[in-house]
Amino acid sequence: MRDEAHSRRAAKRLPGFVLAVPAWLWLTVFFVVPFLQIAWFSLGEKPGMFGTHSNAVMSLDRYAEAFSPTFFTIFRATLWMSVLGTIACLLIALPAAYFMAMKVPAHRRGLLVALVMVPYWTSFLIRTIGWKVILSSEGALAGFLTDVGLVADPHDLLNTRGAVLLGLIYNYLPLMILPMYVAFDRVDSALGEASKDLGADRLRTFFQVTLPLARPGIIAGIILVFIPMMGDYVTPAVLGGAKGTMVGSLIASQFLTAQNWALGSAMAVVLILLTMLIVVIAIALMWCVGWLLHRRSKLVIGTVPPPDTRPHTQEVVTA
């Protein structure tokens, strides 16, 4: 007991930043160092037909090659797919997370969280190949859609952008559900009851009380889904074929097929910077919209209108 109490007092005396040291080490080793290495490779060149990379001559020529019309055409398609996938995940995860956190009894929530996480723990490649089997022309889904007349040719499901979008939504949906579930779970139910007591219906309570309080979880889910979608190359390679090429596939081809690590690194750096720029712009826009809505709904107590703006009453004289 004394040792436990002593360890607790010692932990309380530690500075706050010490607890964040493992996280900073993780980010440094697995993010900062690889990014610096990729940035270093992007300044080199491909040394001949059989070489992969050389920094003997430093230049920015690879960035000039990366800023090509082909890259930006594929980048626009990737951005569009990622935005659509993020919106679809948001629309699916919002009612699911709300139901899990607000409507399900507390002793059953752990089971629902496990049902969300168990498929996510399965290999990413196996899950994507599973959708390839489902969407193939010999699969049951293609046959059913062809029989009911929704699809003219069973070969139209696979190797399309629609198949890639479906795979992206399925693979990254848990990353949207979990932070939103945590955000909804932390909302005090007493606030909703107070809103109803003040005359607000369920819909108004949800949009004006519950949803604003869960906004941090929603923003975290959007970031966790959008960023990996922008860099995904497994899903388009398995489900999209030549029609579903994304920037991640283009970068992977430079490393694995063309063996041009310098150009692939330059494309990767450009993708990272553009993705960060888009995220920053989106967060700034959401902050501005939230600030405007907050200012519009702000309640000021204790103000008295000036005398000249008060309504004047007219006396009626009766004989």
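Throughout what follows, the structure given in this document is the object of discussion. This structure is a prediction, so every number in the text was calculated from the model and none was measured. (Residues numbered from 1 in each chain as written. Predicted model: local features only at pLDDT ≥ 70, side-chain atom pairs only at ≥ 80, totals over all residues. Heavy atoms only, no water.)

### Focus: the overall build of the protein chain
Quick reminder of the rule: Where helices and strands are cited, they refer to DSSP runs of H or I of at least four residues and of E of at least two residues respectively, numbered from the N terminus. The buried label applies to any residue whose accessible area, calculated with a 1.4 Å probe on protein chains only, is under 20% of its type's maximum; exposed applies above 50%, and partly exposed to all values in between. In what follows, a contact means two residues having at least one pair of non-hydrogen atoms within 4.5 Å. Computed with the Shrake-Rupley method and a 1.4 Å probe, the accessible areas treat only the protein chains shown as cover for residues.
In terms of helices and strands, the protein chain carries 14 helices and zero strands. Each helix (α) and strand (β) of the protein chain, taken in turn from the N terminus, gives the series α-α-α-α-α-α-α-α-α-α-α-α-α-α. Residues classed as buried in the protein chain amount to 33% of the 319 residues present. Put simply, 69% of the contacts in the protein chain that link residues at least 6 apart link residues at least 24 apart. With the model as given, the accessible surface of the protein chain reaches about 20900 Å², and the carbon-plus-sulfur share is 69%.

### Observations concerning a nonpolar patch on the surface
Formally: Only residues whose relative accessible area exceeds 30% and that form no salt bridge enter a patch; like-charged residues are grouped when within 9 Å of one another, and nonpolar side chains (Val, Leu, Ile, Met, Phe, Trp, Tyr) when within 5 Å. Any Lys or Arg side-chain nitrogen found within 4 Å of a carboxyl oxygen on Asp or Glu counts as a salt bridge.
On the surface, a nonpolar cluster with roughly 910 Å² of combined accessible area is contributed by Trp24, Trp26, Leu27, Val29, Phe30, Phe31, Val32 and Leu36. Along the chain, tryptophan 24 falls in helix H2 (residues 21-42). You can call tryptophan 24 exposed: its relative accessible area is 57%.

### Points about the side chain of arginine 109
What counts is decided by this rule: Definition of a polar contact: a pair of N or O atoms within 3.5 Å, with one able to donate and the other able to accept a hydrogen when the atoms are protein atoms, and with sequence-neighbouring residues admitted only if both atoms are side-chain atoms.
Along the chain, the position of arginine 109 falls in helix H5 (residues 106-121). Accessibility expressed as a relative area gives 19% for arginine 109, which makes it buried. Polar side-chain contacts of arginine 109 include one of 3.0 Å to the backbone oxygen of alanine 101. Here arginine 109 is in contact with Met100, Ala101, Val104, Tyr181 and Asp185, once residues within four sequence places are set aside.

### Here's the deal with the packing of aromatic side chains
Defined as follows: The pairing test for Phe, Tyr and Trp rings, Trp by its six-membered ring, is centres within 6.5 Å, and the orientation test on the planes gives stacked under 30 degrees, edge-to-face over 60, and tilted for anything in between.
In the structure shown here, the tally under the stated rule is 13 aromatic pairs. Geometrically, the ring pair formed by phenylalanine 255 and tryptophan 261 is tilted, given 6.2 Å between the ring centres and 40 degrees between the ring planes. Among the residues examined, tryptophan 261 registers a relative accessible area of 31% and is labelled partly exposed.

### A short note on helix H9 (residues 189-197)
The residue sitting at the N-terminus of H9 and contributing the capping side-chain oxygen is aspartate 188; that oxygen lies 3.1 Å from the backbone nitrogen of alanine 190. Directly after H9, the chain includes glycine 199, whose backbone phi takes a positive value near 105 degrees.

### Re the pattern of salt bridges
Inspection of every chain in the model, using the stated rule, returns two salt bridges. A salt bridge links arginine 62 to glutamate 65; its shortest N-O distance comes to 3.0 Å. A residue pair is termed a helical-turn pair when its members lie 3 or 4 positions apart in one helix, as arginine 62 and glutamate 65 do in helix H3 (residues 61-66) at three residues. Close ionic contact of arginine 109 with aspartate 185 constitutes a salt bridge, the shortest N to O distance being 2.9 Å. Of this pair, arginine 109 sits in helix H5 while aspartate 185 sits in helix H8 (residues 161-185), and the two are 76 residues apart along the sequence. Taking the relative accessible area as the measure of exposure, aspartate 185 reaches 35% and is therefore partly exposed.

### Considerations on the environment of threonine 52
Following the sequence through the fold, threonine 52 ends up in the loop between H2 and H3. In this structure, threonine 52 is in contact with Lys46, Pro47, Gln259, Asn260, Trp261 and Ala262, ignoring residues within four places of it in sequence.

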